Every structure is written in structure tokens, then in C-alpha cells.
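What the coordinates show
This is what each chain is made of:
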Amino acid sequence: QVQLVESGGGLVQAGGSLRLSCAASGSIYSPNAMAWYRQLPGKQRELVARIFSAGNTKYADSVKGRFTISRDNAENTVYLQMNSLKPEDTAVYYCNLQFVRGMLYDLWGHGTQVTVSS
């Protein structure tokens, strides 16, 4: 049984910064990937950034140069540093964990709200 718990969301003005955290607990197998997704109002969930247990990363084009994903493998925690926030970044941000153990496990947190005002 794996649980993912997000924190760090809130209300900020355009140009501001937030740092999201996600702590994973339970039986987690390696290799794995942790990621941040977001769901904009009225839109489908989309990938923001992904980091693999080996440390390599991928970013959506819309956040390159502004957001940084990192992880602490010993603590099974993933972070998302968000700088130069824009109103279009307003969304619910979800933590994701994927690993293969005979089948693909695709696990989600409950989400944290980020609101960017103009």
C-alpha cells in the first residue's frame, strides 16, 4: 500500500514562487519515476515534469526554464520549485509514482491547489 501526500500549494501573485513537496510511503520498487502533473480548470490532466530514480529529468515545454523538479531518494520525496509563475499555471497539481513489478503501477496523490493572480 503506497501513499503520496502533496503539500506547498497556495495563492501567489504573478511573478512569484512556490515549492511543492510530495512524500511517498509504503512499498516502493526501483527503478521508478516520480512526476508532477497538473489539471487546469476545465482541462485534462497534463504532465509538468518527471524525474527518474537515476536522476534524469523531463519537462513540459510550457515550464522549461521556470520550474525545477528534484528528489531525495532516501526519503522518497519529490519537489517542484516553481518560479516566475503565470496566471496560466493555476491548477491542481498532482504527485505521481510509476514502477514496474510484474505490471505497471501508476499511483497518485490527492492534489494541491496552486492559484496565480494577475
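In what follows, the structure referred to is the one given above.
One structure accompanies this document, and this report is about it.

Some details on the state of the cysteines
- Within this structure, the stated rule accounts for one disulfide.
- In this model Cys22 forms its disulfide with Cys95; the gap between the sulfur atoms is 2.1 Å. Between Cys22 and Cys95, the disulfide has an S-S torsion of -85° and is therefore left-handed. A residue pair is termed long-range when its members are at least 10 positions apart, and Cys22 in strand 3 (residues 18-25) and Cys95 in strand 9 (residues 91-100) qualify at 73 residues.
- For Cys22, a relative accessible area of 0% corresponds to the buried category.

Here's the deal with the sheet that holds strand 1 (residues 3-7)
- Within the open sheet, the four strands sit side by side as 1-3-8-7. Their pairing is antiparallel. Two strands lie at the open edges of the sheet, namely strand 1 and strand 7 (67-72), each paired on one side alone. Within this sheet the neighbouring strands show an average axis-to-axis angle of 15°, counted without direction.
- Here strand 7 pairs with strand 8 (residues 77-82) via six bridges, running antiparallel. Looking at strand 8, one finds that Ser70 is bridged to Tyr79.

Some remarks on the pattern of salt bridges
- Enumeration over the complete set of coordinates arrives at four salt bridges.
- Residues Lys64 and Asp61 are paired through a salt bridge, measuring 3.0 Å at the closest nitrogen-oxygen approach.
- Ionic contacts of the salt-bridge type, sharing partners, join the residues Arg38, Glu46, Arg66 and Asp89 into one network.

Concerning the side chain of Glu6
- Tracing the backbone through its elements, the reader meets Glu6 in strand 1.
- No salt bridge is formed by the buried Glu6; its nearest oppositely charged neighbour, Arg45, is found at 7.6 Å.
- Side-chain polar atoms of Glu6 contact the backbone nitrogen of Cys95, separated by 2.8 Å.
- A distance of 3.1 Å separates the side chain of Glu6 from the backbone nitrogen of His110, its partner in a polar contact.
- Leave out the neighbours within four places in its chain, and Glu6 touches Ser21, Cys22, Trp36, Tyr93, Tyr94, Cys95, Gly109, His110, Gly111 and Thr112.

Thresholds applied
Residues numbered from 1 in each chain as written. Predicted model: local features only at pLDDT ≥ 70, side-chain atom pairs only at ≥ 80, totals over all residues. Heavy atoms only, no water. Disulfide = S-S within 2.5 Å. Helix = DSSP H or I, 4+ residues; strand = E, 2+ residues; numbered from the N terminus. Buried < 20%, exposed > 50% of the residue type's maximum accessible area, 1.4 Å probe, protein only. Pairing = 2+ DSSP bridges. Axes fitted to C-alpha atoms, helices over the stretch in contact; angles between N-to-C directions. Salt bridge = Lys/Arg side-chain N within 4 Å of Asp/Glu carboxyl O. Lys, Arg positive; Asp, Glu negative; His and termini not counted. Polar contact = N/O pair within 3.5 Å; in protein donor to acceptor, adjacent residues only side chain to side chain. Contact = heavy atoms within 4.5 Å.

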